[in-house]
Amino acid sequence: MSGKLVVVSNRIPTGAPSSGGLVVALHDALTRSGGVWVGAHPDQDAGDPESLTEIASGDYDRLAFHLSEDDYENYYLGFANSVLWPLCHGRVDLVEISRAYEAAYLGVNARVARLLAPRIGPDDMVWIHDYHFLPLAVELRRLGVTARIGFFLHIPFPPLSALSTLPTPGDFAAWLSAFDLVGLQTRRDTAACLEMFRADPRAEFMTDGTVKFHDRTVSVRSFPIGIDADSFAEAARAPDPEAELGVDTGADLVIGVDRLDYSKGLPNRFRAFGAFLDGRAGSDAPRASLLQIAPPTRERVAAYRAIRTELEEISGRLNGAHSELDWTPIRYIHRGVERSTLARLYRRARACLVTSLADGMNLVAKEYVAAQDPENPGVLILSRFAGAAEDMTEALLVNPYDIDEMAAAIETALTMPIEERRRRHAHSLRVVRDTHVTRWAQSVLGCLATCPPTLSLRATP
Ligand code: ADQ
């Protein structure tokens with residue numbers, strides 16, 4: 001690559017990246033190319049909306065744009081998280097159509113493009129992350145940016161039927177066509193994206209698989225994201241400084257780790273654990289406890305407050321019914337946990353529950369597998385609706401809407417013979433290794449550098 005790399009993402013790291021993962025992968029790519037990372041300023045209302053603030057510089061620059069309180073309400077909580085997030089996660093019932101949301105979303109993207117365009121040279125490569133910035137390439141092209149621009153959507157691509165709930169459904173295809181490369185998590189997402197283009201009379205399919213849209217061509221491909229398995233495994237093997245991490249209750253540990261989001265299927269998970277406990281009532285099977293770590297997010301959105309209340313109610317009821325003097329079956333922690341602690345907890349857990357109703361990939365599934373002792377591994381119970389399930393076919397795949405099936409899967413996981421656990425784990429671990437996050441970043445950028453050139457490098461007026 002002759003120019004620099006420009007990365008745009010909603011969050012921008014303020015300090016040094018401390019552990020493996022997406023931040024490190026982007027940090028490495030930026031360090032190699034001496035580029036720029038642009039994101040929203042962590043302090044709202046902290047500066048001039050018409051300029052970028054330098055957060056840190058070193059091998060590359062980190063620049064932040066500013067969101068006003070109104071932008072935060074309408075662009076971030078509004079269009080991004082109350083329209084696009086539910087739309088992409090199959091919850092059209094939660095989509096809140098609002099002209100103010102739409103105007104703020106388009107306005108913030110146009111402003112970020114204005115601030116960014118003068119910094120982008122024709123030989124640079126721009127990599128834009130996620131649903132906060134769908135119209136950004138359109139705006140950059142309008143300002144004459146001819147550099148290659150790639151996009152990666154971390155969340156599921158919405159089905160065609162869901163797109164019709166947008167105020168102007170055709171926008172999605174027009175926004176995406178301004179990128180040279182649209183990267184998605186799974187083959188299923190790629191199929192959904194191509195279906196959208198196929199249904200659009202403005203799009204034409206080329207023999208090389210690219211899509212021509214007006215005077216541009218766009219490549220659509222899947223790049224399943226992963227983790228740095230080795231660094232995670234190393235953290236998991238480290239000795240516990242706090243003896244037993246305070247979780248040795250004498251019961252088999254089942255773990256769940258999620259942001260508290262309605263897409264993660266937490267109420268169904270708790271109900272399934274309740275059904276599993278019911279199934280074991282009166283038997284002399286060993287006790288099992290579910291440790292759920294779920295820090296609240298986006299609490300200013302009503303649907304997020306509602307899920308928190310619902311979970312507290314279900315866990316309270318189940319604990320009331322099943323607890324004994326020396327045993328609480330569900331331990332529910334509302335805060336984040338240090339990465340190293342998390343890694344050791346995964347290793348101790350005999351099973352991990354990932355029960356997403358929709359999920360772009362789900363990195364918890366991959367982290368859990370990486371953290372296991374290959375000689376005596378725990379079992380991953382994985383929703384069919386998580387992107388990770390497309391390749392991790394030897395996990396115990398479940399339908400998160402089927403409570404009884406999930407309860408049976410917990411029983412199966414906790415009683416699975418060691419040979420079967422080893423065989424399933426070895427397969428999952430191969431998948432995790434094949435999708436290492438550094439290689440993932442390299443393959444997106446490699447593809448962006450070589451994907452078929454656009455038909456016209458001039459901006460669409
Ligand atoms: P998320 O929806 O945030 O990401 P996920 O992929 O599971 O979901 O990643 C969550 C990350 O946060 C994991 O690394 C996990 O360890 C960490 N985490 C979650 N809860 C935590 C807690 N309580 N304490 C500490 N760490 C915690 C979006 C998409 C996903 C996609 C990723 C990456 O929704 O589908 O996999 O981006 O593309």
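You'll find the protein chain entered in an unreviewed UniProt entry as Alpha,alpha-trehalose-phosphate synthase, with Roseivivax marinus given as the organism. Its UniProt record gives the protein chain a comment under Sequence similarities (unreviewed entry), which states: "Belongs to the glycosyltransferase 20 family."

Asker: In this structure, what is going on with the overall build of the protein chain? I would like to understand it.
Answerer: When helices and strands are tallied, the protein chain shows 15 helices and 16 strands. Against the compact-globule benchmark of 23 Å for 461 residues, the protein chain has a radius of gyration of 23 Å, which places it among compact chains. Within the protein chain, buried positions represent 49% of all 461 residues. For the protein chain, long-range pairs separated by at least 24 residues make up 77% of all intrachain contacts whose partners lie at least 6 apart in sequence.

Asker: How do you make sense of the pairing of strand 15 (residues 379-383) when you look at a structure like this?
Answerer: Across a regular strand the side chains alternate sides, sitting on one face of the sheet and then on the other. Judged by how many residues are buried, strand 15 sits mostly within the fold: 5 of 5 residues are covered. Residues Val-379, Ile-381 and Ser-383 point to one face of strand 15 and Leu-380 and Leu-382 to the other, with burial holding for every one of them. Pairing analysis gives 4 bridges linking strand 14 (residues 351-354) to strand 15, with the strands arranged parallel. What sits directly across from Val-354, in strand 15, is Leu-382. Note that strand 15 and strand 16 (residues 396-398) share 3 bridges and pair parallel. Note that in strand 16 the partner of Ile-381 across the bridge is Leu-396.

Asker: Hey, could you run me through the packing of helix 9 (residues 266-280) against helix 13 (residues 403-415) in this one?
Answerer: For any two helices packed against each other, one specifies the inter-axial angle together with the distance between the axes. Between helix 9 and helix 13, whose axes approach to 8 Å, the crossing angle comes to 60°. Our classification of the angle between helix 9 and helix 13 gives oblique. Relative to helix 13, the crossing made by helix 9 is right-handed. Note on element contacts: helix 13 touches helix 9 through Ile-403, Asp-404, Met-406, Ala-407, Ile-410 and Glu-411, opposite Asn-268, Arg-271, Ala-272, Phe-273, Ala-275, Phe-276 and Gly-279. For the contact of helix 9 with helix 13, the per-class residue count stands at 8 nonpolar, 2 polar and 3 charged.

Asker: What's the story with the site of the ligand in this structure? I'm lost.
Answerer: Near the ligand, the surroundings consist of 18 residues, among which His-154, Gly-336, Gly-360, Met-361 and Leu-363 are the closest. Tallying contributions element by element places helix 12 (residues 363-371) first for the shell around the ligand, with 3 residues. Here the shell around the ligand is composed, by residue class, of 10 nonpolar, 4 polar and 4 charged. In terms of domain composition, the shell around the ligand takes at least three residues from each of domain 1 (5-226 + 437-450) and domain 2 (229-434).

Asker: Is there a simple way to think about the packing of helix 11 (residues 339-348) against helix 12 in this case?
Answerer: Where helix 11 meets helix 12, the axes come as close as 8 Å, and the angle between the chain directions of the two elements is 70°. Between helix 11 and helix 12, the angle falls in the class roughly perpendicular. Where helix 11 crosses over helix 12, the handedness of that crossing is right-handed. Contacts between helix 11 and helix 12 involve Ala-343, Tyr-346 and Arg-347 from the first element and Glu-367, Tyr-368 and Ala-371 from the second. In the contact of helix 11 with helix 12, the residues fall into 4 nonpolar, no polar and 2 charged.

Asker: Help me understand the domain arrangement of the protein chain in this model?
Answerer: Where interface size is given, it is often the accessible area lost as the parts come together that is meant. Entries for the protein chain in the domain assignment read domain 1 (5-226 + 437-450) and domain 2 (229-434). Between the C-alpha centres of domain 1 and domain 2 there is a distance of 31 Å. Listed as interface residues are 19 residues of domain 1 and, on the opposing side, 18 residues of domain 2. Top element by residues in the side of domain 1 that touches domain 2 is helix 2 (residues 69-88). It accounts for 3 residues. For the side of domain 1 that touches domain 2, the per-class residue count stands at 6 nonpolar, 10 polar and 3 charged.

Asker: How do you make sense of the sheet that holds strand 11 (residues 252-257) when you look at a structure like this?
Answerer: Strands belonging to one sheet form pairs held by backbone hydrogen bonds; the direction of such a pair is parallel or antiparallel. Spatially, the 6 strands line up as an open sheet ordered 13-12-11-14-15-16, and their pairing is parallel. Two strands lie at the open edges of the sheet, namely strand 13 (330-333) and strand 16, each paired on one side alone. Each strand of the sheet is rotated relative to its neighbour by a mean of 20°, with strand direction disregarded. In the sheet, strand 12 (residues 288-293) pairs with strand 13 via 4 bridges, with the strands oriented parallel.

Asker: What am I meant to see in helix 7 (residues 187-198) here?
Answerer: For an α-helix, 3.6 residues make a turn, and residues three or four places apart therefore share a direction. Look at helix 7: 16 Å from first C-alpha to last across 12 residues, which is about the 16 Å you get at 1.5 Å a residue. Three or more residues of helix 7 are buried, namely Asp-189, Ala-192, Cys-193, Met-196 and Phe-197. Seen end-on, helix 7 carries its buried residues on one side only, within an arc spanning 140°.

Asker: What's the story with the environment of Val-112 in this structure? I'm lost.
Answerer: Relative to the helices and strands, Val-112 resides in helix 3 (residues 99-116). For the pair Val-112 and Glu-139, spaced 27 residues apart in sequence, the C-alpha separation works out to 8.8 Å.

Asker: Would you mind showing me how to read unusual backbone geometry here?
Answerer: One non-glycine residue, Asp-130, lies in the positive phi region at around 80°. Asp-130 gets classed as partly exposed once you count the C-beta atoms within 10 Å, which come to 18. One non-glycine residue, His-214, adopts positive backbone phi at about 50°. With respect to the element layout, His-214 can be found in the loop between strand 9 (211-213) and strand 10 (216-222).

Asker: Explain the nonpolar core to me, please; I cannot follow it from the model alone.
Answerer: A general trend in soluble globular proteins is that nonpolar side chains are found buried together. Counting 148 residues, the largest nonpolar core has Tyr-346, Cys-352, Ala-365, Leu-380, Ile-381, Leu-382 and Ile-410 as the members making the most contacts within it. Mapped onto the domain boundaries, this core takes at least three residues apiece from domain 1 (5-226 + 437-450) and domain 2 (229-434). Apart from the residues lying within four places of it in its own chain, the contact partners of Ile-410 are Val-254, Ala-272, Phe-273, Phe-276, Ala-351 and Ile-381.

Definitions and limits used
Residues numbered from 1 in each chain as written. Predicted model: local features only at pLDDT ≥ 70, side-chain atom pairs only at ≥ 80, totals over all residues. UniProt positions renumbered as here; feature names shortened; annotations may be inferred. Helix = DSSP H or I, 4+ residues; strand = E, 2+ residues; numbered from the N terminus. Rg over C-alpha atoms; globule rule 2.2 N^0.38 Å. Buried ≥ 20, exposed ≤ 12 C-beta atoms within 10 Å, placed from the backbone. Contact = placed C-beta atoms within 7 Å. Pairing = 2+ DSSP bridges. Axes fitted to C-alpha atoms, helices over the stretch in contact; angles between N-to-C directions. Parallel < 35°, antiparallel > 145°, perpendicular 65-115°, else oblique. Left-handed = near helix turned anticlockwise from the far one by under 90°. Nonpolar A, V, L, I, M, F, W, Y, C, P; charged D, E, K, R; others polar. Near = placed C-beta within 6 Å. Domains from an automatic or database assignment. Expected span 1.5 Å × (residues − 1). Arc of directions from axis to C-beta. Core = buried A, V, L, I, M, F, W, Y, C linked by C-beta atoms within 7 Å.

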